[in-house]
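Below, each chain spelled out in residue letters.
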Amino acid sequence: MSLLVVTSNSRFTQQELPACKPILTPGWVITAFIFIGIIFIPIGLASLFASENVVEIADRYDEDCVPSIYASDMLAYIRSSQTNKSCTKSLTVPKKMKNPIYVYYQLDNFYQNHRRLWEEVEFSLLLVSVFPDMSKSRSDKQLRSKANEFETKDCSPEATFLVSNKEMPIVPCGLIAWSMFNDTYGFSLNDKAIQVNKKGIAWKSDREYKFGSDVYPKKFQSGVIGGAKLDENIPLSQQEDLIVWMRTAALPKFRKLYGKIEVDLEANEKITVVIQNNYNTYSFGGKKTLILSTTSWIGGKNDFLGIAYLTFGGLCLFMVISFIFLYVVRPRPLGDPSYLSWNRNPDGLFAQLRCRFLSDILCAMEEF
Amino acid sequence: MYIAYTPNDLFDVNDGENLFSAVDTALREGNREYCSPLKPSFCSAESQIRQQFPLKCPLRDRKRMVSWGGSMELQQTSLAFGISGGSSRVQDKLNKSQRIRHKSTQFDDNLSHEENPRLIYVNDPRMTNDKYEFTGNEIRTSKYTLINFLPKNLFIQFHRVAYLYFLAIVFLNQLPPLAIFGRTVSLFPLLFVLCVTAIKDGYEDWRRHRSDRNENNREALVLQSGKFQFKKWKKIRAGEVVKICADDTIPCDMVLLGTSDPSGIAYIQTMNLDGESNLKTRYARQETTPMVFEGGTVSGLIRCEQPNRNIYEFTANMELKGQRFPLSQSNIILRGCQLKNTEWVVGAVVYAGQETKAMLNSAMSPSKRSRLESYMNRETLWLSVFLFTMCLVVALGMGLWLQRHKDRLDELPYYRKTYFGGRSAGKSYKFYGIPMETFFSFLSSIIVFQIMIPISLYITMELVRLGQSYFMIGDKHMYDTSTDSRFQCRSLNINEDLGQIRYVFSDKTGTLTENKMEFRKASVHGKNYGSSMLTADTWQDTNIAVSRTAAPVGKSRWKLKSEVPVDSELMAFLRKELAGDERIAAHEFFLTLATCNTVIPILTRSSSSSCMDSEFYEDVEAIDYQGESPDEQALVAAASAYGYTLFERTSGHVVIDVNGEKLRLDVLGLHEFDSVRKRMSVVIRFPDDSVKVLVKGLRTLVVASRDLTDAELEEWQCMYEDASTSLTDRSIKLRQTAAVIECNLQLLGATGIEDKLQEGVPEAIESLRQAGIKVWVLTGDKQETAISIGISCKLLTSDMQQIIINGTSEEDCRNLLSDAKAKYGVRTSSRKEEGTMSAALALIIDGNSLVYILEKDLESELFDLATSCKVVLCCRVAPLQKAGIVDLIKSRTDDMTLAIGDGANDVSMIQMADVGVGICGQEGRQAVMASDFAMGQFRFLKRLLLVHGHWNYQRIGYLVLYNFYRNAVFVLMLFWYILSTAFSTTSALTDWSSVFYSVIYTSVPTIVVGILDKDLSHKTLLEHPKLYGAGHRQESYNMYLFWITMIDTLWQSLVLFYIPVFTYRESTIDIWSMGSLWTIAVVILVNMHLAMDIQRWLLLTHMAVWGSIIITYACVVVLDSIPIFPNYGTIYHLAKSPTYWLSFLLIICLALLPRFIFKVLHQTFWPSDIQIAREAEILRKRPNHVQSNPDQSSS
């Protein structure tokens, strides 16, 4: 090999560099399990406790809000522009909820992560750009600045409209924006309206960099109506509902922040919610749920982490016990050359070592 | 093939020892008449030639005497038979294997081009190049030019099928309905791999270009319009006359026309061509030398064969002034050689540039593929099955989903099959019907899951092997101080095969032995000398008075490079008057030793002030003998020590210093050694005009002479002339000519030469044996020699039962084989349990029997017998038979074979075996050139296999499994996610993360671990050779491990996917945050997985593993900081939440738990040998116990 020239006899070339050679000694294994157990169990308890402290009110309303006469044909109800979409529900606060109380809507069976929303359209040449525009079915460029208004190539099939035979861009274009959620909620307590703060519900980074303050909605929802309409006088950077909606959900069941209630709610208070039930989830069997929730360091109400940590910690401690048991029952001096395959006497003392897993357990049971 | 070239082992020098006494007794009988006991053997060889070629020489007494010659003769005949006819089948097999492995050194049959000779008009390049377009002298060793680099390099790279798969994926990704990744991004992994390889190739080629340019622009003196003028090498054309000065490199293949030496002699060093450092003699024909000296017009017509690769032969003749004379190998100097010890030479260019023999021989033999890599392909097939299944699931899911929603497709907020507005309003938008959508979904899932087949594995393996080779080359324990040569890795693809070798086929001479010949014994005229050997100096000290009186002129004028011990009795005898039969025989004996060879004496005047001899002799010259075979050198040196110093040799004469008197002998003709005659002879005219034939037969063994009458001389001269000028069948004609005079010889004596066993050979063989490697020795020696060598290198032990197969017919061999099988209860099953044999068996078989066995259907019988024997010795085997034996094992078992040898006769064996190892020895570099690995000493083999082989195998085995796991866990994670996107092949990970995953995020640690990880230290491995069995049992890479790994992968991917999903099941998490979490989690997970398996943590390993995780984080942070990406700002948001960090911790611990428990249980209760040895090594408990009891370990 002409590429390889070795000239020195250093410890490196002789592969004799100082090294740490870990070995799974019984002590090491048991210590590791104890260590993990001791760390995991408190974390689990803390998470569980935090999750317990979160108060959450969930109310599924997609079916309840359809008048009973339309129960057999919910689609007709939601499609029709004539029907009364408002619907009043009453919620009971189970425990005292400290502000801020977050208001979410939760959609189910809604594939916002569907590739159809992500597809590229134009056949771009390979070398057009080193950084391909990654956004699909939306045009991040268009959202960012007015100058890129015509950047709609990634938005099909909802990209342009015809004005006197000229293709004009829709702002914001693309399927995601088009399908924006448009139910609204009005809260009141004892006939007194509760203010829902809709400012600051979107990420700061999104508001400041991804949605331009000079970009105004244009011809949005002008053809086939998909969802919410936008006030054409407010720039996109202030349309926080849109910004929240555009942050695509990861899973088919997701929540999005609707607003914040900045007053405390006492236990057993009854809140009245007036829901404008506009959004069509009936065509695909999607569920709509209204959520009111406080928060903690762990986020929303979710026992999973706590339970998982507790279980795992417990499992580790169980492992400690079983390994101690096994090491006592079947000790093996480490590095004992008599265990080497060529030193083992097939009929002798170590014959039992040869029996495989199941029979080994049997061996162990017999001894007891 | 190789047979024509001094096949050392055909008759090994050790024959001398054994035949010695036989010759001795034969001589003592005093039969010195014509047709002495020596005659039958010489005659029989001759008669055998007669069977093949009609001879003019009258048939003489063909009575076969049953003396020592009897058995010899049989073996000789059959051996020759074996070479000429019997080996055809092996040849076939070799040809078969050539398709896979091109033989770089195979020679074309140069006689087949005779009808169409190449015409060279000397000093008339225009006319020479008029008719045929001979290539110019510009050479190109580079593969590429600037223009064709890209297409050609790509073409070569795409020979790897996996690359075509990835190319297909890139193309798939360009189809509009399928684009998953950004189109440019999808190219990235393939581009990366292609680029790295292209850069490596490009760099190597650039170096070649540079050296080509240097080479082409060198200048040489070319005869132009009557004067020698400088001309660039690349401008030199065939037919031109070139002058070369001392120490210059020869620019093209040239026929010598004249040299500075009036007798036309020139010395060249062929180091660059065949690696032999000794000087070789070349002669200019006497007919052409005047032309050069008188300065007249240089002219002439050379008819030569078409360019070919055989550097040992050249057939041509030359016409000059109506005279026609032959040109042969000794008249040509080849490109790449260097002129030495000669002031200048003038020659006519016959082959230039690419047509020179050096260039024709420079083709590299393509690489072999390792066993593990072919297993790896089997598992890759399984991965393809997984891939296919996953794609099918996705496609079917997509189809069913579309079917269920087909009426409402346009009402779904996340699915649209028609355009909304603009010109295309209402038209179908990228919807091709459900069956087509299903199909496209299948194709696009292939794109998403593409890295299931790990493309980076190929480049990783290449880099890892490169690193491993670096350490093998650098190992100081494999550095040969005597020749100053390091270990060489000539092939980079089969490092790991070294860890699984089951059979070692070893050559003997030069491999097990040193191939440094020492003259030990002599038998002259029936008397045995050599019992009391002293070095010449000591002898002179003790006999200084004698030497003074016997030789008034100092015989120690010559100082040899190496001391040769002499026998004082013989020495004293040589001081006597030259009278009496015995004394004359001794005289002729040493004359023959000094003349009948091709050795060149190199004289250097040494400053001998310090030498004690200088008190008596002022003019001491150091003399160095350079010859093609080490035993010839040994004999000439011995002759010199006894007072017969050869100090001048030209094409026409030799001058010998006989005890101070100069004796000039004219050489009338020389019949070189060939493997059919097995002898060499010179025809010498003495100063008194008597002519003698001096013969050295059986290579170096027996010395004989014969006086030639005028009539005989004339007959021979006529034939010799004719034979040596002929263009066709020259070698056969020369052989016939030789047969005329090489008969009715008078036996003078015999020589005994010793070849010492190399250092450490018995220990190495013992270790290899303990390691479960079967060592077979294949040698050209006769049976008795082979057995005695076998005993001396501990291959054969006294408790072994020897089975000897030496049949003379097919029937004979069949019976011998079946008898042996019956006697020792060898079963015909292909798989044998170790240790069922009651006694250790040793099989000794000779080449003669092998002819019958390999030719006929007895192969399987031999195989059964041989594989149940502990030791197999094959004696008297021809080069092709060696390859045949290797093939016997290779084709019938899955076991890995290794062939080790040093000579040209081992080349076929080295190329046939799975791993070929060359020894850089005394016999040139042919074996090294053909080998995969080359080293200086046989004993390094122990370290190469037991230490480096073991390490390489462990490392590569783990590397492959880990790479499969690493990519599969990633793909499975994507797969689970796709199931929750309505089968729409969305990836939560950003395109860049997917691409970087196997290229940047996780590649470095695998490479570092693949190069540096070490389970056991070299001391432990050498102490317990049985640990090598891990490779035999395929412990590091097998189907079982693959499936275990895949199950583990499945578990880990599920943990990886579901922990975040459950944690964020009802939350506002967005796809980029989730993707970011998965990206980092999977990278940490696979790196922790690796960290758990690392056996030796170096600083570099720490840096690689933890560094990778840090780099991944850095990359994610950078990618999330670029506002144009949709994932902008994600990581900043995520990192604030403790849930994010807690889910990491849970993923890592839960995913690795089963593996950890499995590992602990396995290591504690079913420890492997390696595990125990490792514990013993690290804990250093009871060091005395650790040293395995030799009794236990050898049983």
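Conventions we followed
Residues numbered from 1 in each chain as written. Chains lettered and ligands numbered in written order. Predicted model: local features only at pLDDT ≥ 70, side-chain atom pairs only at ≥ 80, totals over all residues. Heavy atoms only, no water. Contact = heavy atoms within 4.5 Å. Buried area = accessible area lost by both parts, 1.4 Å probe. Salt bridge = Lys/Arg side-chain N within 4 Å of Asp/Glu carboxyl O. Polar contact = N/O pair within 3.5 Å; in protein donor to acceptor, adjacent residues only side chain to side chain. Helix = DSSP H or I, 4+ residues; strand = E, 2+ residues; numbered from the N terminus. Nonpolar A, V, L, I, M, F, W, Y, C, P; charged D, E, K, R; others polar. Pairing = 2+ DSSP bridges. Disulfide = S-S within 2.5 Å. Buried < 20%, exposed > 50% of the residue type's maximum accessible area, 1.4 Å probe, protein only.

*Asks:* Any chance you could break down the interface of chain B and chain A for me, citing the residues and the numbers?
*Replies:* Chain B puts 130 residues into the contact, and the matching count from chain A is 121 residues. Summed over both partners, the interface of chain B with chain A comes to about 11500 Å²; 62% of that surface belongs to carbon and sulfur atoms. Of all residues in chain B, Tyr414(B), Phe420(B) and Trp1166(B) give up the largest surface area on contact with chain A, accounting jointly for 7% of the area buried on that side. Measuring nitrogen to oxygen at the nearest pair gives 3.0 Å for the salt bridge that ties Lys253(A) to Glu1066(B). Where chain B touches chain A, the interface holds 32 residue pairs in polar contact (both at pLDDT 80 or more). The element best represented in the side of chain B that touches chain A is helix H39 (residues 1138–1165) of chain B, accounting for 17 residues. When grouped by side-chain class, the residues that make up the side of chain B that touches chain A number 67 nonpolar, 34 polar and 29 charged.

*Asks:* Residues and numbers for the sheet that holds strand E2 (residues 219–224) of chain B, please.
*Replies:* Across a sheet, paired strands are connected by hydrogen bonds in the backbone, their directions being either parallel or antiparallel. Residue and element names in this part refer to chain B. Within the open sheet, the six strands sit side by side as E3-E2-E4-E13-E5-E11. Their pairing is antiparallel. Of all the strands in the sheet, just strand E3 (227–232) and strand E11 (332–333) have a single pairing partner and so form its edges. Note: strand E4 (residues 241–245) against strand E13 (residues 344–351), five bridges, orientation antiparallel. Looking at E13, one finds that Val242 is bridged to Gly347.

*Asks:* For the pairing of E2(B), give the residues involved together with the corresponding values.
*Replies:* Residues and elements named next belong to chain B. Looking at chain direction, E2 and E3 are connected through six bridges and run antiparallel. Bridge assignment links Glu219 to a residue of E3, and that residue is Lys232. Counted along the chain from E2 to the antiparallel partner E3, the turn is two residues long, and its residue Ser225 has a positive phi close to 40 degrees.

*Asks:* Any details on the state of the cysteines? Residues and values, ideally.
*Replies:* Overall, the coordinates contain one disulfide over all chains when judged by the stated rule. Sulfur-sulfur distance for the disulfide between Cys65(A) and Cys87(A) comes to 2.0 Å. In this structure, the disulfide formed by Cys65(A) and Cys87(A) twists by about -60 degrees around the S-S bond and is classed as left-handed. Of this pair, Cys65(A) sits in the loop between strand E1 (56–60) and helix H2 (74–79) while Cys87(A) is found in strand E2 (residues 86–92), placing the two residues 22 residues apart along the sequence. Comparing Cys65(A) with Cys87(A) shows no difference in burial state: the two are buried. Cys813(B) forms no disulfide, and the closest cysteine sulfur to it belongs to Cys875(B), at a distance of 12 Å. Looking at Cys813(B), the relative accessible area reads 0%, which means it is buried.

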